[in-house]
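Geometric and topological summary
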Amino acid sequence: MCGIFAYTGKKGKDAGGILLKGLLSLEYRGYDSAGIYLPESGSVKTPGAVAELRKKIPKNFKGESGIAHLRWATHGEPTEKNAHPHADCDGEIWVVHNGIIENFKELKARLVKSGHTFKSDSDTEVITHLVEDHLKKSAKGAKSFEKAALAALNEIRGTYGIALQYKNEPDKIIAARMGSPIVLGLGGDEHFIASDPSPILPHTRKVIFLEDGEVAVISPDKHRIFKLDATNVKRKATKIDWSAEDARKDGYEHFMLKEIMEGPEVIENTLRGRLIPAKGLAKLGGLESVAKQLEKIERIIIVACGSAYYAGLVGEYMLEEHAGIPVEVELGSEFRYRKPVLNERTAVLAISQSGETLDTLEAVREGKRRGALTLGIVNSVGSTIARETDAGVYNHAGPEIGVASTKAFISQLTALALLTMFLGRQRGMTAKEGKIIANELRALPAKLQKLLKQKESIDILAKKYSGSRDFLFLGRRYNLPVAFEGALKLKEISYIHAEGCGAGEMKHGPIAMIDEKFPTMAIAPKDSMYQKMISNIHEIKARKGSVIAVATDGDKEIAKLVDDVIYVPETIDMLSPILNVVPLQLFAYYFAKEKGLNVDRPRNLAKSVTVE
Ligand code: F6R
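All figures in this text were calculated on a predicted structure; none of them were measured in a lab. (Residues numbered from 1 in each chain as written. Predicted model: local features only at pLDDT ≥ 70, side-chain atom pairs only at ≥ 80, totals over all residues. Heavy atoms only, no water.)

Observations regarding the layout of surface pockets
If you roll a probe as big as a water molecule over the atoms, it shows you where there is empty space left. Roughly 1500 Å³ of volume is contained in the largest pocket. T74, H75, R274, G285 and H396 are the residues nearest the centre of the largest pocket, which is lined by 43 residues in total. For the lining of the largest pocket, the elements supplying multiple residues, two or more each, are β6 (93-101), α3 (104-113), α8 (263-271), β16 (275-276), β21 (373-378), α13 (384-388), β22 (391-394) and α15 (431-452). In terms of residue count, β22 provides more of the lining of the largest pocket than any other element does, four residues in total. Residues that form the lining of the largest pocket fall into these classes: 17 nonpolar, twelve polar and 14 charged. The residue makeup of the lining of the largest pocket includes at least three contributed by each of domain 1 (3-242) and domain 2 (249-452). (1 Å grid on protein atoms, 1.4 Å probe; cavity = no way out; pocket = protein on both sides within 12 Å on 5 of 7 lines; lining within 4 Å. Points joined across faces, edges and corners; volume = space filled by probe spheres on them. Helix = DSSP H or I, 4+ residues; strand = E, 2+ residues; numbered from the N terminus. Nonpolar A, V, L, I, M, F, W, Y, C, P; charged D, E, K, R; others polar. Domains from an automatic or database assignment.)

A short note on the pattern of salt bridges
In the structure shown here, the tally under the stated rule is 41 salt bridges. Through salt bridges with shared partners, a single ionic network connects E146, E169, K172 and R224. (Salt bridge = Lys/Arg side-chain N within 4 Å of Asp/Glu carboxyl O.)

What about the UniProt feature "domain: SIS" (unreviewed entry) in the chain?
Within this structure's numbering, the places UniProt gives as "domain: SIS" (unreviewed entry) are residues 290-429 and 461-602. Secondary structure content for residues 461-602 is 40% helix and 20% strand, and the end C-alpha separation is 22 Å. (UniProt positions renumbered as here; feature names shortened; annotations may be inferred.)

So, the nonpolar core
Among the nonpolar cores identified, the biggest contains 92 residues, and I300, L441, F471 and F587 are the most heavily contacted of them. The element that contributes the greatest number of residues to this core is helix α20 (residues 576-594), accounting for twelve residues. Among the nonpolar cores identified, the runner-up in size contains 29 residues, and I101, F145, I162 and F226 belong to it. (Core = buried A, V, L, I, M, F, W, Y, C linked by side-chain atoms within 4.5 Å. Buried < 20%, exposed > 50% of the residue type's maximum accessible area, 1.4 Å probe, protein only.)

Overview of the pairing of strand β4 (residues 65-71)
Among the seven residues that make up β4, seven are buried, leaving the element largely enclosed by the rest of the structure. Burial along β4 is two-sided: the residues S65, I67, H69 and R71 and G66, A68 and L70 are all buried. Inspection of the sheet shows strand β1 (residues 3-9) paired to β4 by six bridges, in the antiparallel sense. Across the sheet, the residue bridging to T8 is S65, located in β4. Examined bridge by bridge, strand β2 (residues 33-38) and β4 share five bridges and lie antiparallel to one another. From the neighbouring strand, I36 faces β4, where its bridge partner is A68. (Pairing = 2+ DSSP bridges.)

Description of the pairing of strand β13 (residues 222-227)
Two strands pair when backbone bridges link them, and strand β12 (residues 214-219) and β13 are joined in this way by six bridges, in the antiparallel orientation. The residue bridging V217 from the neighbouring strand is R224, located in β13. Connecting β12 to the next strand, β13, in antiparallel fashion are two residues. Counted along the chain from β13 to the antiparallel partner strand β14 (residues 232-233), the turn is four residues long, and its residue A230 has a positive phi close to 75°.

Focus: the site of the ligand
Near the ligand there are 14 residues, and of these S352, Q353, S354, T357 and E492 occur at the shortest range. Within the side chain of E492, one N or O atom sits 2.5 Å away from an oxygen atom of the ligand. For the ligand, whose unbound accessible area comes to 410 Å², protein coverage reaches 88%. Looking at the shell around the ligand, the elements with two or more residues in it are α10 (306-323) and α17 (480-494). A per-class count over the shell around the ligand returns five nonpolar, seven polar and two charged. Built from parts of two domains, the shell around the ligand gets at least three residues from each of domain 2 (249-452) and domain 3 (454-604). (Near = heavy atom within 4 Å. Polar contact = N/O pair within 3.5 Å; in protein donor to acceptor, adjacent residues only side chain to side chain. Areas by Shrake-Rupley, 256 points an atom, 1.4 Å probe, with all protein chains shown as cover.)

A closer look at empty space enclosed by the protein
Tallied over the full model, the rule gives three cavities of 30 Å³ or more. Of the pockets and cavities examined, the largest cavity occupies roughly 110 Å³. Lining the largest cavity are 14 residues; nearest its centre among them are P525, T552, E570, T571 and S576. Its residues assigned to classes, the lining of the largest cavity comprises six nonpolar, four polar and four charged. Quantified by volume, the second largest cavity comes out at close to 50 Å³. Around the second largest cavity, the lining residues are C2, R71, W72, T74, H75, H84, H97, G99, S122, D123 and T124. Of the residues contributing to the lining of the second largest cavity, the split by class is two nonpolar, seven polar and two charged.

If you want it as structure tokens, here you go:
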């Protein structure tokens, strides 16, 4: 996701160089455009990489302070116009922002009415115009910029990590945090603001992490923190002894664990602004242009690879049960070689984290060639699949660095649930049913937060089973694809043999493998398949196989039957994979870690597979 870096100091005129270097260390977050502003030299912005930005910067671009940004597009295309920093009407107030201003439409309408001119499509730009508005209203005084900024911050709703600068007070930078992290770096005669400590660490290890609802003002030799109601906050600095690489991992040992732990936030980000719970509706801006066509769609073919394919299998259950549309799920690598029969009433839906997987992309192209409507559920904004599909839904999961898909998978399932509501309400889904799904979706982040608290006990469990050479994963209905995904996670990062299997299929072959050395992970929530899963577990126990059950909170009965249980909060059937997959991700993580393997970069695998 977006990255912020801001600097003010008394060390010569190289703020530009310092900021560019800082942006490089934020690149890992993923972005599509970059920009920088120095009050003494102006702004430079570009779509694309920091290297492009560097090329555009003129020789005399000098100054003692400035703000810089890497943007991961949410509102508005990744263009130069929409890149940050954004300015007010007179080019005096500048802002860089991470997050989403939820009430930007109302604010923008009000500001436009009172004469403000906007230059971008971004939600962020309202911040500078609001500050401008308050600044013009307030009596000029030493603290009027601060007061205007505070008044503006009190008007915006949503999530933000912000750095603001005013041309007429160039050595001062104001930062604020609500939901998006902000850290201050305290040097002797220089101060910093960033989204995470990685760009600050080469300069100082003394930092302060802002909390939600806090504002900070930095100048070269001091800082001050206060709340949105202007009351002062006293906070001691923390000394960071991690490396810049550790800083990017937010203190976690691996990106994979960090990304699993981001799950609740990821669900919130995928849902943000897309649910109208009171009406039981999902609002998907990216599908508006094809909404009429979607009403006539009679069949959906989901194309994807790997984990995204398993997300698609869950989507098949969701869409058929709740939206009443026939769905097929195809491996991207097979689809285009199959001479599929498609027409304009078929939608080909690609699911891809990277948006660059060649097999999935070629499946989309095949769909297009055969006259289908093409759609995408894609995480990477501006990627090839996002560009080549007719319409789609962005995940907003943030960049995924660990090779094994974790938070992207969670987000793909969340997006599929939104799509199910969207298409379902176009068809037979009642408002009542829509409301139930919407309310359950909104409850998921808190439930996942609770589930993640068990990570230490899953670590112990993984250690207990880490000597196994084989593992079977069993599930049924919505949780059959979860069994496939659990097995994929384990094999790809711990290099042991793991198989996902429909519990009902086991007796047709796989049960022959079971003995005391072949453990099973059984996903057995209290849903309509519960009794059948219990019978299947009995069959394994009868053959001396050990069983770990992923069960619903409070299910004491299952604990009597199996060797170990991981409890998961209850939700409706169609959303249960979003919770049930997380213990499997954690299990695979701790299992591979116990074996001393490179969890984030497993052998032979690439994050984005752009070859056939
Ligand atoms: C597994 C994994 C892969 C990807 C697959 C598709 O953990 O990450 O199986 O899911 O390569 O990648 P995307 O979603 O980028 O198309």
